[in-house]
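One-letter residues, chain by chain:
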Amino acid sequence: MTRRSLLLSLLAMPATAQAQDRFITLASTTSTEQSGLFGHILPAFTRETGIAVRVVALGTGQALDVGRRGDADALLVHDRAAEDRFVAEGFGGPRRQVMYNDFILVGPAADPARIGELGDVAEALRRIAAAGAPFVSRGDRSGTHAAELRLWRLAGVDPLAGRGGWYREVGQGMGPALNAAAAQDAYLLADRGTWLAFRNRQSLTILAAGDARLLNQYGAIAVSPQRHPHVKAAEAQRFIDWLCGPAGQAAITGYRINDEQLFFANAATRG
Amino acid sequence: MQDLGSAMTAAVALVRAGDPAVLRILALSLQVSLAALGIAALVGLPLGALLAVARFPGRRLVVVALNALMGLPPVVAGLLIYLLLSRSGPLGRYGLLFTPQAMVIAQAVLITPILAALTRQVLEAMWEEYAEQLRSFGAGPWRAVPTLLWDGRFALLTVLLAGFGRAAAEVGAVIVVGGNIEGFTRTMTTAIALETSKGDLPLALALGLLLMLIVLGVNALAQGLRDAALRRASA
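All values derive from a computational prediction rather than experimental measurement. (Residues numbered from 1 in each chain as written. Chains lettered and ligands numbered in written order. Predicted model: local features only at pLDDT ≥ 70, side-chain atom pairs only at ≥ 80, totals over all residues.)

(A) A look at the overall build of chain B. In terms of regular secondary structure, chain B is built from ten helices and zero strands. What you see in chain B, going N to C, is helices and strands ordered as α-α-α-α-α-α-α-α-α-α. Counting all 235 residues of chain B, 45% fall into the buried class. Sequence-distant contacts in chain B: of pairs separated by 6 or more residues, those separated by 24 or more amount to 79%. (Helix = DSSP H or I, 4+ residues; strand = E, 2+ residues; numbered from the N terminus. Buried ≥ 20, exposed ≤ 12 C-beta atoms within 10 Å, placed from the backbone. Contact = placed C-beta atoms within 7 Å.)

(B) Expanded view of the overall build of chain A. Looking only at helices and strands, one finds eleven helices and twelve strands in chain A. In summary, chain A has a C-alpha radius of gyration of 20 Å against a globular reference of 18 Å for 271 residues, a match within 12%. Oriented by its inertia axes, the alpha-carbon framework of chain A measures out at about 55 × 55 × 35 Å. Looking at chain A as a whole, 47% of its 271 residues qualify as buried. In chain A, the share of contacts with a sequence separation of at least 24, taken over all contacts with a separation of at least 6, comes to 75%. (Rg over C-alpha atoms; globule rule 2.2 N^0.38 Å.)

(C) Examining the pairing of strand E3 (residues 74-77) of chain A more closely. Residue and element names in this part refer to chain A. With burial as the criterion, each face of E3 is covered, one bearing Ala74 and Leu76 and the other bearing Leu75 and Val77. As paired elements, strand E1 (residues 23-29) and E3 share three bridges and run parallel to each other. The residue bridging Ser28 from the neighbouring strand is Leu76, located in E3. (Pairing = 2+ DSSP bridges.)

(D) Region of the structure containing the interface of chain A and chain B. Every contact between the two is made by 27 residues of chain A and, on the other side, 23 residues of chain B. When contributions to the side of chain A that touches chain B are tallied by element, the ones reaching two or more residues are helix H1 (3-19), strand E2 (52-58) and helix H8 (174-184) of chain A. No other element matches H1(A), which puts six residues into the side of chain A that touches chain B. The class makeup of the residues in the side of chain A that touches chain B is 13 nonpolar, ten polar and four charged. (Nonpolar A, V, L, I, M, F, W, Y, C, P; charged D, E, K, R; others polar.)

(E) Quick peek at the confidence of the model for chain B. Residues and elements named next belong to chain B. Confidence in the prediction for chain B averages 91 pLDDT; 99% of positions are at 70 or higher. Between the elements of chain B, mean pLDDT differs from a low of 78, seen in helix H1 (residues 2-17), to a high of 96, seen in helix H4 (residues 74-85). As scored by the predictor, the complex reaches a pTM of 0.88 and an ipTM of 0.85. (pLDDT = per-residue confidence, 0-100.)

(F) Examining the domain arrangement of chain A more closely. Residue and element names in this part refer to chain A. For chain A, the assigned domains read domain 1 (22-100 + 216-265) and domain 2 (101-214). A C-alpha centroid distance of 26 Å is found between domain 1 and domain 2. Elements with a minimum of two residues in the side of domain 1 that touches domain 2: helix H2 (30-34) and helix H4 (60-68). Looking at the side of domain 1 that touches domain 2 residue by residue, the classes come out as eight nonpolar, twelve polar and two charged. (Domains from an automatic or database assignment.)

(G) Fine view of the nonpolar core. Counting 114 residues, the largest nonpolar core has Ala74(A), Leu75(A), Ile81(B), Ala102(B), Ala106(B) and Val177(B) as the members making the most contacts within it. In terms of residue count, helix H5 (residues 100-136) of chain B provides more of this core than any other element does, 17 residues in total. Filtering out sequence-adjacent residues up to four positions away, Ile81(B) remains in contact with Ala102(B), Ile105(B), Ala106(B), Val109(B), Ala173(B) and Val177(B). Core analysis: the next-biggest nonpolar cluster, separate from the first, contains 34 residues, Leu105(A), Val121(A), Leu125(A) and Ala133(A) among them. (Core = buried A, V, L, I, M, F, W, Y, C linked by C-beta atoms within 7 Å.)

(H) Region of interest: unusual backbone geometry. Of note, the amide linkage connecting Gly93(A) to Pro94(A) takes the cis form, showing an omega dihedral of 0°. Position of Pro94(A) relative to the elements: it lies in the loop between helix H5 (80-88) and strand E4 (96-108). Despite not being glycine, Asp259(A) has its phi angle at roughly 70°, a positive value. With respect to the helices and strands, the residue Asp259(A) is situated in the loop between strand E10 (256-257) and strand E11 (260-261). One non-glycine residue, Asn180(B), lies in the positive phi region at around 50°.

(I) How the structure looks around helix H7 (residues 153-169) of chain B. Residues and elements named next belong to chain B. For H7, spanning 17 residues, the distance from its first C-alpha to its last is 24 Å, which sits close to the expected 24 Å at 1.5 Å a residue. Among the residues of H7, those classed as buried are Leu156, Val159, Leu160, Gly163, Phe164, Arg166, Ala167 and Ala168. Residues of H7 that are buried in the fold lie against helix H2 (20-53), H5, helix H6 (141-151) and helix H10 (201-234). (Expected span 1.5 Å × (residues − 1).)

(J) Looking closely at the pairing of E2(A). The element E2(A) is largely enclosed, with a buried count of seven among its seven residues. Residues of E2(A) alternate between two faces, with Ala52(A), Arg54(A), Val56(A) and Leu58(A) on one and Val53(A), Val55(A) and Ala57(A) on the opposite face, all of them buried.

(K) The environment of Arg231(B), seen in detail. Residue and element names in this part refer to chain B. By the element assignment, Arg231 lies in helix H10. Of the residues examined, Arg231 has 9 C-beta atoms within 10 Å and is grouped as exposed. Taking the C-alpha atoms as reference, Arg231 lies 46 Å from Leu85; in sequence the two are 146 residues apart.

(L) Structural view of helix H6 (residues 121-131) of chain A. Residues and elements named next belong to chain A. Along H6, the positions that sit buried rather than exposed are Val121, Ala124, Leu125, Arg127, Ile128 and Ala129. In this structure, the buried side of H6 is in contact with E4, strand E5 (135-137), helix H7 (143-155), strand E7 (187-191) and strand E8 (204-208). Directly beyond the C-terminal end of H6, a positive phi value near 65° is found at Gly132.

(M) Region of the structure containing the packing of H2(B) against H7(B). Residue and element names in this part refer to chain B. At their nearest, the axes of H2 and H7 sit 9 Å apart, and the two run at 135° to each other. Taken together, the axes of H2 and H7 are oblique relative to one another. The chirality of how H2 crosses H7 is right-handed. Every residue of H7 that contacts H2 at Ser29, Ser33, Ala36, Leu37, Ala40, Ala41 and Leu45 is listed here: Leu156, Leu160, Gly163, Phe164, Ala167 and Ala168. Residue classes in the contact of H2 with H7 are distributed as ten nonpolar, three polar and no charged. (Axes fitted to C-alpha atoms, helices over the stretch in contact; angles between N-to-C directions. Parallel < 35°, antiparallel > 145°, perpendicular 65-115°, else oblique. Left-handed = near helix turned anticlockwise from the far one by under 90°.)

Rendered as structure tokens:
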């Protein structure tokens with residue numbers, strides 16, 4: 001690239017940044033953004049419809065709050081209970097089931113709590129707590145955090161008793177939590193998508209997976225124009241219809257890292 | 001150290017590839033920070049100059065408050081702007097949240113106190129020196145403001161660069177009000193935060209090196225302009 005064309009491209013930016021006037025704002029999760037899924041599927045939707053999708057990646061709890069305030073047109077999140085609450089409160093809906101993958105229990109290869117080989121995630125958590133082995137929690141009201149707390153309840157363990165000791169809440173997204181766990185040789189619950197795209201694993205490895213209770217279901221919701229008249233309801237609905245239709249579902253299925261499929265489209269099955 | 005090496009390699013590769021996505025992020029960072037600097041300068045410089053010359057009750061309080069605001073945490077500034085610009089907030093109808101304009105506003109709010117406080121500091125010293133002289137020409141404090149700003153322009157350049165540096169390096173506010181949207185509100189600092197999240201530390205560090213290079217370039221340019229102007233003035 002010559003110096004002149006570089007300079008020109010610097011000057012031309014504001015025009016190109018504003019050029020796409022048809023757009024929706026999608027509040028979604030760090031897991032979908034950081035796994036690279038959006039980079040793979042959104043260009044196809046924009047090509048087909050001329051609607052750009054601006055993704056703001058937050059924890060599920062925060063993404064739902066952004067929707068409640070009317071700052072997004074659509075949501076793609078993964079915490080069924082919180083999604084149902086959002087719809088029941090009249091902020092949007094109906095909720096559509098889009099895709100799933102699974103959560104995995106990740107930990108140091110040395111596995112001090114000896115949870116490898118266990119198929120049972122509840123038993124694995126009980127052993128981590130009993131061993132007092134470091135466990136990093138998202139602690140940020142995200143979908144993954146909600147799933148983790150649900151699993152602790154299933155295990156019959158109150159992890160908050162380990163606060164300030166082995167149970168470490170970082171209050172950040174999946175990536176930073178993985179970085180923290182890698183630095184401390186700690187266990188943590190991660191979504192498989194972010195894990196597969198994550199580069200700084202150090203000694204971390206998957207220790208427990210495949211338990212049916214580790215299902216990670218994503219749902220899409222359009223924000224209600226009754227609550228927030230300015231939202232782009234038609235465009236948002238078009239996006240959700242596309243996501244749940246054949247083109248979107250195929251695009252989701254087609255996203256792979258190192259030949260491994262990250263998300264499994266399941267809009268056709270009943271949620 | 002091996003990480004630093006691979007970051008250097010990655011940084012060089014980034015520049016050589018001229019990746020349009022990276023260029024766009026760089027351009028947006030520069031545009032947002034320069035626009036914020038422009039707005040902050042329009043407000044902060046005259047405000048600082050006025051505070052340097054005017055004497056009124058409560059002035060010391062204003063000066064202390066302004067100095068304290070230099071330490072305004074970016075996340076707090078970001079949150080305040082977020083609540084103002086949110087669709088449910090008082091300025092919601094303009095739909096500015098998650099846009100580059102919102103980031104400009106946030107950075108301008110952050111650096112205006114810095115410009116005003118430092119300008120007051122610089123010009124107050126000059127005012128003490130010149131006050132007699134200017135008064136003898138019949139110039140009151142108000143008339144002195146433009147004169148002081150002009151005479152202090154070389155010292156004020158450093159003040160502007162301090163403001164620009166803070167704006168360009170800032171991540172807490174722009175990530176909250178901009179949303180780090182790819183191709184729209186992703187700046188160098190929010191991209192660095194994102195790559196750190198993804199565990200791609202070499203790429204994050206490479207982007208960081210690139211940002212520092214740009215800031216260095218802006219500073220060198222400013223220094224060059226200042227030197228050229230000084231030479232012209234003394235010639």
